Amino acid sequence: MAQYIASIDQGTTSTRCMIFDKSGSVVSVDQKEHEQIFPRAGWVEHDGKEIWNNTREVIGGALSKANLNSKNIDAVGITNQRETAIVWDKNTGEPVYNAIVWQDTRTQKIVDELAQGDNDRYKARVGLPLATYFSGPKVRWILDNVEGARERAEAGDLLFGNTDAWVLWNLTGGAENGGVHVTDVTNASRTMLMDLSTLQWDEGIAGDMGIPMSMLPEIRSSSETYGECSAGVLDGVPVAGILGDQQAATFGQVCFEVGTAKNTYGTGNFMLLNTGEEQIPSENGLLTTVCYKIGDNKPIYALEGSIAVTGSLVQWMRDNLGIIKSAPEIEELANTVDDNGGAYFVPAFSGLFAPHWRSDARGALVGLTRFVNKGHLARAVLEATAFQTREVLDAMNADSGVPLKELRVDGGMVGNETLMQFQADILDVEVVRPKVAETTALGAAYAAGLAVGYWADEDDLRQNWGEDKRWTPSMDNDEREKQYRNWKKAVTKTLDWVDADVD
Ligand code: ADP
């Protein structure tokens, strides 16, 4: 009987279950979107219960589409939207509040108080600047603002996790059957609470944030058996891999050598560069993070450039403006014109992440004249992704000292060929799309499969990677640099917007 590995991808917009075979090919997929809850400007929430229900549904859906049952699955891996914080009661399994999503900016005041004038206060220990992006301040907000939460947390009744820990705890039995409360090093490295060298929680920082240690999951490697699924969903199948989504995509792209990098184009964009066993502190606005840790092996670190808004700007154009009906339609609209007509769109909807880290920035569309039409706007929206990626690539090159020669890409936006060509042009680097574009789910499957011996080693995985398409730069250098200078000018127009008059 053929055996497979399942992967649960709990993403920002949807939850997927994918089943993979030994060659790394997708055997079946099921996917369900969940509600994006925007209670106020700057706030973004998800319903934890909805996410867990969707997870169960898509597991069942993926199995039945392939005509399989849990006996055909050797192991399951989890990958997830990182930083999104959920707090729940271990006795009832009920979340005490909606999950606060990574894009949410409500923790600005908490972050400013913690910083005491120095946003890099914890950077040497955790690799991250203080920013609303990370989980720790979100947990603090829940404990401060949900009635009774702090008392219940101090009594040891509440648990915290990113959505990996929430899904794992539920999969392995939840409140009734002793769900395991565990996370992996990559997720933990996004909380601002984990010491990057010891890979343990930093009690001092947790104390500063007022987070009881009893809420925190145990930190484990990215590839080992954490527990078994309980009856009902994937009955008895070991859960054997966890990687935050961006680290999973890096693993799925088999970026195992020092100096290899991938860029994922989803809701936001995330470029990760494998720096091996060395933690490189960034001097150019990047994050230092754990890339993966396979079982007892040493941890592998990465430099990361996180961009908050890329694909979600396309969604915004679809949902808030109604100019397009589906995300792929933007390409057709962009191709009705030759260029951006002078318009630049800086989508600083959640401030600006890498390499700027400016929470006082807000979005701006600049360079407008009566000449600009919706085709130009579509181009400006797509180009925003490419220009933001150029900023991150320049920072990577500066930090690592070795210019990147080619960039492996994946994620929902890489189906957009107009964008990919423009990306190669603006970076002056070859852009390569692999045959299996679902690298996030694949990476988590790889981590789980390695733990149970389904795949023997990294060489086994390397053989599965194949090139689908390559875009070569063809833009004149003067033109490239002129456009990039305009972009940088546009960025300056978004800064200093948030002040006492703007929440
Ligand atoms: P995530 O995993 O972050 O939820 P995905 O990798 O599934 O995201 O990518 C979805 C994103 O890609 C959406 O924000 C959507 O707007 C964008 N997208 C999908 N297809 C296209 C396309 N052809 N052109 C531009 N953007 C696209």
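Bringing unusual backbone geometry into the picture now. Here the amide bond leading from Ala354 into Pro355 is cis, since omega sits at -5°, within 30 degrees of zero. Mapping Pro355 onto the fold places it in the loop between strand S17 (344–346) and strand S18 (364–366). For Val254, which is not glycine, the phi dihedral falls at a positive 45°. The residue Val254 is located in the loop between helix H9 (245–252) and strand S13 (261–265) in this model. A positive phi angle is found at Asp496, which is not glycine, with a value near 65°.

Within the fold, Ser230 resides in the loop between strand S11 (223–228) and strand S12 (238–244). Classification of Ser230 by relative accessible area gives buried; the value is 19%. Setting aside anything within four residues of it in sequence, one finds Ser230 in contact with Leu171, Thr172, Gly173 and Asp235.

Before going further, it helps to spend a moment on the site of the ligand. Taken together, 15 residues form the shell around the ligand, and within it Thr13, Thr267, Gly311, Gly412 and Asn416 come nearest. One of the backbone N or O atoms of Gly412 is found 2.9 Å from an oxygen atom in the ligand. Top element by residues in the shell around the ligand is helix H10 (residues 311–321). It accounts for 4 residues. Class assignment of the residues belonging to the shell around the ligand gives a composition of 5 nonpolar, 9 polar and 1 charged.

Turning our eyes to something else, we now look at the nonpolar core. Tyr133, Met215, Phe251 and Leu407 are the most contacted members of the largest nonpolar core, which has 132 residues in total. Ranked by residues supplied to this core, first place goes to helix H12 (residues 374–400) with 12 residues. Ignoring sequence-local partners within four residues, the contact set of Leu407 consists of Ala261, Lys262, Asn263, Tyr265, Met271, Leu427, Val429, Glu430, Val431 and Val432. With 34 residues, the next largest nonpolar core counts Cys17, Ala62, Trp166 and Tyr226 among its residues.

Definitions and cut-offs
Residues numbered from 1 in each chain as written. Predicted model: local features only at pLDDT ≥ 70, side-chain atom pairs only at ≥ 80, totals over all residues. Heavy atoms only, no water. Helix = DSSP H or I, 4+ residues; strand = E, 2+ residues; numbered from the N terminus. Buried < 20%, exposed > 50% of the residue type's maximum accessible area, 1.4 Å probe, protein only. Contact = heavy atoms within 4.5 Å. Near = heavy atom within 4 Å. Polar contact = N/O pair within 3.5 Å; in protein donor to acceptor, adjacent residues only side chain to side chain. Nonpolar A, V, L, I, M, F, W, Y, C, P; charged D, E, K, R; others polar. Core = buried A, V, L, I, M, F, W, Y, C linked by side-chain atoms within 4.5 Å.

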